[in-house]
Amino acid sequence: MTAQPVATATPLLQAHGVSKRFGGLLAVNNVDFVVNQGEIVGLIGPNGAGKTTFFNCLTGMVVPTSGRIVYGDAEIFGASSGWRKALSRRDVHAHTPDQITKIGLARTFQNIRLFPNMTVLENVLVGRHCRTREGVLSAVGRGPRFHRTEREARERAVELLQFVGLRRDADELARGLPYGDQRRLEIARALATDPGLLLLDEPTAGMNPAETRATMDLVKKIRDLGLAVIVIEHDMKFIFNLCDKVAVLVQGAKLIEGTPAEVQADPRVIEAYLGTTAEGDAS
Amino acid sequence: MSDFPGVLRDGRERLRARIEPRRRPLLVAAAAVTAVAALLPWSVPGVGYTNPLPGDLGSVGLGGHRLYVFVLALVCLVGLTNVAGRRRMATACALGALVISVIALYSLIKQGGGTGAAGVGAWVGTVGSLVLLAVTDTLPTGPPNRLPRLAAPAAVGAIVVVVGVLLAAVVIGLGIDDETQFLCFAIFVGALIAAAGALGVFAAFREAFDQYRAVGYAVALAAAVAFPFTQGTNATWDAVFARVGVFAAAAIGLNVVVGLAGLLDLGYIAFFGIGGYVSALLSDAVFTTVHVHVPFLVVFPLGAMVAGLIGVAFGAPTLRLRGDYLAIVTLGFGEIFRIVVQNWTGLTQGPNGISGIPDLRLPGFLGGMQFGKPHTVFGVSMPFQANYVFLDIVLVIFVMLVFARLNDSRIGRAWVAIREDELAARAMGINTIALKLLAFGIGATLAGAAGTINAHIGESVTPDDYQFIASALLLSAVVLGGMGTVPGAVLGAALLIGLPEKLRFVQDYRLFLFGLALVLLMRFRPEGLIVSRRRQREFHEGGSGADAMSQPAQVAPV
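Keep in mind it's a predicted model, so treat the numbers as computed, not measured.

Of the regular secondary structure elements, chain B holds 24 helices and 6 strands. Relative to its full complement of 558 residues, chain B shows a buried share of 46%. A separation of at least 24 residues holds for 78% of the contacts in chain B among residues at least 6 apart in sequence.

Okay, helix H3 (residues 65–75) of chain B next. Residue and element names in this part refer to chain B. Burial within H3 is extensive, with 8 of its 11 residues counted as buried. Taken as a whole, H3 has its buried residues at His65, Arg66, Tyr68, Val69, Phe70, Leu72, Ala73 and Val75. In this structure, the buried side of H3 is in contact with helix H2 (23–39), helix H4 (86–112), helix H5 (120–136) and helix H7 (179–199).

Residue and element names in this part refer to chain A. Within the open sheet, the 5 strands sit side by side as S2-S1-S4-S5-S6. Their pairing is antiparallel. Sheet topology places strand S2 (25–36) and strand S6 (92–94) at the edges, where each strand pairs with a single neighbour. Across the sheet, the mean angle separating the axes of adjacent strands is 15 degrees when strand polarity is ignored. Bridge count between strand S4 (residues 66–71) and strand S5 (residues 74–79): 3 bridges; the pairing is antiparallel. From the neighbouring strand, Ile69 faces S5, where its bridge partner is Phe77. Helix H1 (residues 51–59) rests against strand S1 (11–22), S2 and S4 of the sheet, and its axis sits at about 65 degrees to S2.

This part covers the packing of helix H4 (residues 120–128) of chain A against helix H7 (residues 179–191) of chain A. Residue and element names in this part refer to chain A. Closest axis-to-axis distance for the H4/H7 pair is 7 Å, and the angle between their directions is 35 degrees. As H4 packs across H7, the resulting crossing turns out to be right-handed. Of the residues in H7, those touching H4 at Val120, Asn123, Val124, Val126 and Gly127 are Leu185, Ala188, Arg189 and Ala190. Considering only residue class, the contact of H4 with H7 consists of 6 nonpolar, 2 polar and 1 charged.

Let's shift gears to helix H9 (residues 213–231) of chain B. Residue and element names in this part refer to chain B. Compared with an ideal rise of 1.5 Å per residue, which puts 19 residues at 27 Å, H9 spans 28 Å between its outermost C-alpha atoms and is within 8% of the ideal. By the largest-angle criterion, Val225 marks the main kink of H9, which is about 25 degrees, and a proline, Pro228, follows within four residues. Within the sequence span of H9, burial applies to Gly216, Val219, Ala224, Phe227, Pro228 and Gln231. Those residues of H9 hidden inside the fold are in contact with helix H6 (152–175), helix H8 (201–211), helix H10 (236–260), strand S5 (380–382) and helix H15 (385–407). Of the residues one or two after H9, Gly232 is the one with positive phi, at around 60 degrees.

Membership of the largest hydrophobic core comes to 187 residues, with the highest contact counts inside it found for Leu197 of chain A together with Ala248, Ala250, Ala251, Ala439, Leu474 and Ala493 of chain B. In terms of residue count, H10 of chain B provides more of this core than any other element does, 17 residues in total. With residues up to four places along the chain from it excluded, the contact list for Ala493 of chain B reads Val244, Phe247, Ala248, Ala251 and Ala477 of chain B. Of all hydrophobic cores here, the second largest spans 44 residues; its members include Ala90, Leu95, Phe188 and Ala198 of chain B.

Quick look at the sheet that holds strand S9 (residues 228–232) of chain A now. Residues and elements named next belong to chain A. The sheet built from 6 strands is open, its strands ordered S7-S8-S9-S3-S10-S11 with mixed pairing. The two strands at the open ends of the sheet, each matched to only one other strand, are strand S7 (105–107) and strand S11 (253–258). Going across the sheet, the axis of each strand differs from the next one's by a mean of 20 degrees, ignoring polarity. Pairing between strand S3 (residues 40–44) and strand S10 (residues 245–250): 4 bridges, direction parallel. Residue pairing for S10: Val41 is matched across the bridge by Lys245.

Right, let's talk about the pairing of S1 of chain A for a bit. A regular strand places its side chains so that they alternate between the two faces of the sheet. All names here are of chain A. Note: S1 against S2, 8 bridges, orientation antiparallel. Opposite Arg21, over in S2, you have Leu26 as the bridge partner. As paired strands, S1 and S4 are joined by 5 bridges and run antiparallel to one another. Note on S4: the bridge partner recorded for Ala15 is Ile69.

Structurally, Cys130 of chain A can be placed in the loop between H4 and helix H5 (136–141). Classification of Cys130 of chain A as buried rests on a count of 22 C-beta atoms within 10 Å. With 32 residues separating them in the primary sequence, Cys130 of chain A and Asp98 of chain A have C-alpha atoms 8.2 Å apart. Excluding its chain neighbours within four sequence positions, the residues that come into contact with Cys130 of chain A are Asp98, Thr101, Lys102 and Thr193 of chain A together with Gly429 and Ile430 of chain B.

This part takes up the pairing of S11 of chain A. Inspection of the sheet shows S10 of chain A paired to S11 of chain A by 5 bridges, in the antiparallel sense. Paired with Val250 of chain A across the strands is Ala253 of chain A, a residue of S11 of chain A.

This paragraph deals with the interface of chain B and chain A. With 35 residues of chain B at the contact, the number on the chain A side is 44 residues. Contributing elements (two or more residues each) for the side of chain B that touches chain A: H15, helix H16 (410–420), helix H17 (422–427), helix H23 (533–540) and helix H24 (544–550) of chain B. Looking at the side of chain B that touches chain A element by element, the count peaks at 7 residues for H16 of chain B. Tallied by class, the residues present in the side of chain B that touches chain A amount to 20 nonpolar, 5 polar and 10 charged.

A positive phi angle, near 55 degrees, is found at Arg142 of chain A, a position not held by glycine. Relative to the helices and strands, Arg142 of chain A is located in the loop between H5 and helix H6 (144–164). Classification of Arg142 of chain A as partly exposed rests on a count of 15 C-beta atoms within 10 Å. If you check the backbone angles, Glu459 of chain B has positive phi at about 65 degrees while not being a glycine. By secondary structure assignment, the location of Glu459 of chain B is in the loop between helix H18 (432–458) and strand S6 (460–461).

How each quantity is defined
Residues numbered from 1 in each chain as written. Chains lettered and ligands numbered in written order. Predicted model: local features only at pLDDT ≥ 70, side-chain atom pairs only at ≥ 80, totals over all residues. Helix = DSSP H or I, 4+ residues; strand = E, 2+ residues; numbered from the N terminus. Buried ≥ 20, exposed ≤ 12 C-beta atoms within 10 Å, placed from the backbone. Contact = placed C-beta atoms within 7 Å. Pairing = 2+ DSSP bridges. Axes fitted to C-alpha atoms, helices over the stretch in contact; angles between N-to-C directions. Left-handed = near helix turned anticlockwise from the far one by under 90°. Nonpolar A, V, L, I, M, F, W, Y, C, P; charged D, E, K, R; others polar. Expected span 1.5 Å × (residues − 1). Bend = angle between axes of the 7 residues up to and from the residue. Core = buried A, V, L, I, M, F, W, Y, C linked by C-beta atoms within 7 Å.

Written as structure tokens, this is what we have:
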């Protein structure tokens, strides 16, 4: 399958030379990465290659050691300069995860992290939090504006549940959902923050083939909404059928980036996963 | 080491196996014997008892202990029917009858100076209820009964009846002067409440309440307002009620911090104290260094604001801590507050505290309100303490409203999300630091508001009023009543503040008994006495879902 050339190749997210060092371990090593508007980008690599750490760098869960990350017009992470540097006395400036979500990046987690004792609908409503503004006085006073925003948030949440196919489970507890539905709920919750870029960390892990296919359709539907998507996956069929572009991380560094066909044909990728006879198992 | 619980269990099993085939005749016989025993004389004529006998144990007839045993024994006959939840109903009543009989037997023997002082009724009643308990224990276990959904007028009627009966029970109970007698009454009511719960009365009540919220709150409000009227000129319980009210308001505030946001605050009483000291200093008390009088309508929001600001200032650096660490820092803060007021003698008079705080006056408010004077309303004259009861009701309504409305908004959902999974909450765009600070600040504000009234009710504030143990008491009230619920916090405060006033011996062993109560609660009803809808599901909806949540999502690479 060949990549769909995207009509508007405007870069949405640009990462330049992002590195993250944990003590002696260079988990992410000087990675350049660009996501264009409306693109689905796959991020693959052997276990421990630094994929999730890179995700965490993008979403602010982890502060990179160096590099620059720009989303649209906003610099999510970069070198500190001017008054910022004087004020913080740090070499880099970073946004917190909640700020980054507000800027437009939303994510799911490799090991599902829903709010288990909240209902399905409430989980999605929490995602609406950063797009609503009602404060304490408004909540206690309950003016017409409060009721309107609350109603709108609910309508949007229900719409999103419909979108991922969980409409009927709205009042279930999140932890009571089957495993595949929990993954889809996480996606709905992330979509509720109105992101421009959705980061999915192994969205099909633990799913059966039918559920995987459904997830693939869901991701395509999300792209059709105009969102860009980055997917970490180990399921190569999923990646190569879905993505416009695939990047391979190995030991923290980007090995290759290209269309699925290019990546599939590259001998170094196979080597990275399976190792060469001389080096033994590299993963 | 011998397996003592195992031996007990085996014995219980053997006993069950023997009773099982003869359950019905045995149950009728045991219930009949116990009921008849309640009619027989429980004391022996001619024995000189040290105390006048409670509940008229001397003659033939019903009253006090014996009435309770009689009623409970008859309720046990539900075991003959097919009602779901009959086991819980019958065992609760049999256990209640047994405990009451044993208490009566014990006090008769103790006061009469020997086993001969206990009459035939006491012995037969004890043995009868013991057998009754053994028989009811053989009933099959099952889920509680579910009452059919009530139609509109019946639902409203049910709300009125349940609230009315509870109010009546409280009023009757408080009217019983003798301590043993009160304890028996409490056990009697407790057994009946457990039985009613198994019958599904409270589930139906809750359903009706949810359906007719406005009616439910109106009836509850009417019951609270009716309380001082039932007490007439007797000030004792109005005074206790007034203290329970402010503590309940503070407990609801703590519930925001602990129940919603999940932040364990062990120094919460300090904010209550800050409100109290602000109020005391600005009230022109008799023993104070600051002689200014600021109208209470100004002091009330001022005390709340000062407490709230200090709460935010204290929370800002500390709320980055989690769990145990936060608990220890808040514990320290509570102590810092106490030590500061103890040593800042120039302002707070140190350990002596500020006393002689005048009663509230709200001039120009509804034609001038004097809280220090008794009033006559609808022909019922009430002591001045009743005024504070009414003020407390207004305060609690205010605090409840703030709690309920915040809970049901994006802020409340964000708090719960933080409690559930802080990292995920941050990833969903919630500024966790700001929201935790907000929870802390709102809790402190509500406590400060309650504290300003408490200073006037207690007429003095001293550092000793705000020791750690008071924080622990409030926290116990929240946990006992049920975390995250408003009625739970009120019930918890009522039990923990009110009950020791009635039972002196509870006061002596207060901490021990609270600890015991909490341990038993954690074992048998971890969600608290009154359950929030969310918690109910959290504790009692299958473990399979939770397993799915924690199932590792790792798969091997291709």
